[in-house]
Each structure stands twice: as structure tokens, then as C-alpha cells.
Amino acid sequence: MTDTPSSPQDADPKKRIASIVLDESTVVRRTPEVDHERKVAIFDLLEENSFAPVGSDAGPYNLHLSIEENRLVFDIRDEAEEPHGKVILSLSPFRRIIKDYFLICESYYEAIRSASPSKIESIDMGRRGLHNEGAALLAERLDGKIAIDHDTARRLFTLICVLHMKG
């Protein structure tokens, strides 16, 4: 994971994701809460991100994110949609974190309907901790392939979880 620029103005305008496309053809169900998380993650990601495929200065990039044969595919394209390269990661290292993240999210959404504020806060702290763990794992797996900052890793991890949802 790379260091974040000291301010958005310092960021290289080429080292970023300009658009993102999720291959959601395999997603069969989505709760309103999950759909909201997806929309927020995409909005926030496009507003501010740091994304630099190693050895490339061709950005900004259009990113097509998909899951194929239990692998996470980062299909990186230039702004004209010309292929720029693919980074493919096994999903196996993410399985436990994604499963735990889904479970704690279910608990969180249940809790916000009826639990005390302190209970909601403690569940949310656990949820954020797992989210950070997933983001750190993603940044680690992309190390040497794509340089990303922490916030970009968090938002991409959210989208990976959305793509991972299957019936």
C-alpha cells in the first residue's frame, strides 16, 4: 500500500480510477442496505482514489471488476476503453474475512432496528475492524502490481464483497 498524498491537490491526476464497472451478472440477491453500501463505495471511490498499476503512466483508468472462476479480476483499461492489463487474484485468502464481514453486517443491520446505542456502536467497531482487515489484505495482495492507498483499498474491498454475494 502506498502513502496517501498530503492533500487531494498533491495527487497525480493520472494515478486514479476514472470509472468503475462491476460485473454483477452473478449477483442474484441484494438487500437495500447492501445496495446502498455499493452506491456509496462507488461514489466515494470516484470522488477520491489513488490507483497506480506498477510501471504505468497511462491513467486515469477505467476499472472493470469481476469474479471469474473464484478469482478477482481487475481489468484495467484506459479512458478510451482500450485494454491496459489485468491483475488476477485468488479469492481464497479473502474467504474468511468476507464471510465474517457479512455476518457482522447482518448483526449490525439487525441491531440498528432495535438495539441500544452502545450495542450498535460496539458491533459497528467490529465491522469497521473487519473492513480495515479486508482492505489491508487487498493492498497486500496487490503490492507490486497496483499501488493503492488505504481509503481506495477500503472502497474496493466493499465492492469485492458486493460481487462475492451469490445465492
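The rules behind the values
- Residues numbered from 1 in each chain as written.
- Predicted model: local features only at pLDDT ≥ 70, side-chain atom pairs only at ≥ 80, totals over all residues.
- Heavy atoms only, no water.
- Buried < 20%, exposed > 50% of the residue type's maximum accessible area, 1.4 Å probe, protein only.
- Helix = DSSP H or I, 4+ residues; strand = E, 2+ residues; numbered from the N terminus.
- Pairing = 2+ DSSP bridges.
- Expected span 1.5 Å × (residues − 1).
- Contact = heavy atoms within 4.5 Å.

Engineer: Would you mind showing me how to read the pairing of strand 4 (residues 71-77) here?
Structural biologist: Remark: a regular strand shows side chains that alternate across the two faces of the sheet. Strand 4 sits mainly inside the fold: five of its seven residues count as buried. Relative to strand 4, strand 3 (residues 61-68) runs antiparallel, the two sharing seven bridges. By the bridge assignment for strand 4, Leu63 is matched with Ile76. Following strand 3, the chain reverses through two residues before pairing antiparallel with strand 4; Glu69 in that reversal takes a positive phi of roughly 50°. The pairing of strand 4 with strand 5 (residues 83-90) spans seven bridges and is antiparallel. If you follow Asp75 over to strand 5, its bridge partner there is Lys86. Where strand 4 hands over to strand 5, the hairpin turn is made up of five residues, of which Glu81 adopts a positive phi near 70°.

Engineer: When you look at helix 3 (residues 117-142) in this model, what are you seeing that I'm missing?
Structural biologist: For an α-helix, the turn length of 3.6 residues means that residues three or four places apart are oriented alike. Helix length check: helix 3 (26 residues) gives 37 Å between terminal C-alpha atoms against 38 Å at 1.5 Å per residue, within 8%. Of all the positions in helix 3, only Ile120, Ile123, Asp124, Arg127, Leu130, His131, Gly134, Ala135, Leu137, Leu138, Ala139 and Leu142 are classed as buried. On its buried face, helix 3 is in contact with helix 1 (32-47), strand 4, strand 5, helix 2 (95-114), strand 6 (146-148) and helix 4 (150-164). Just downstream of helix 3 lies Gly144, where phi reads positive at about 85°.

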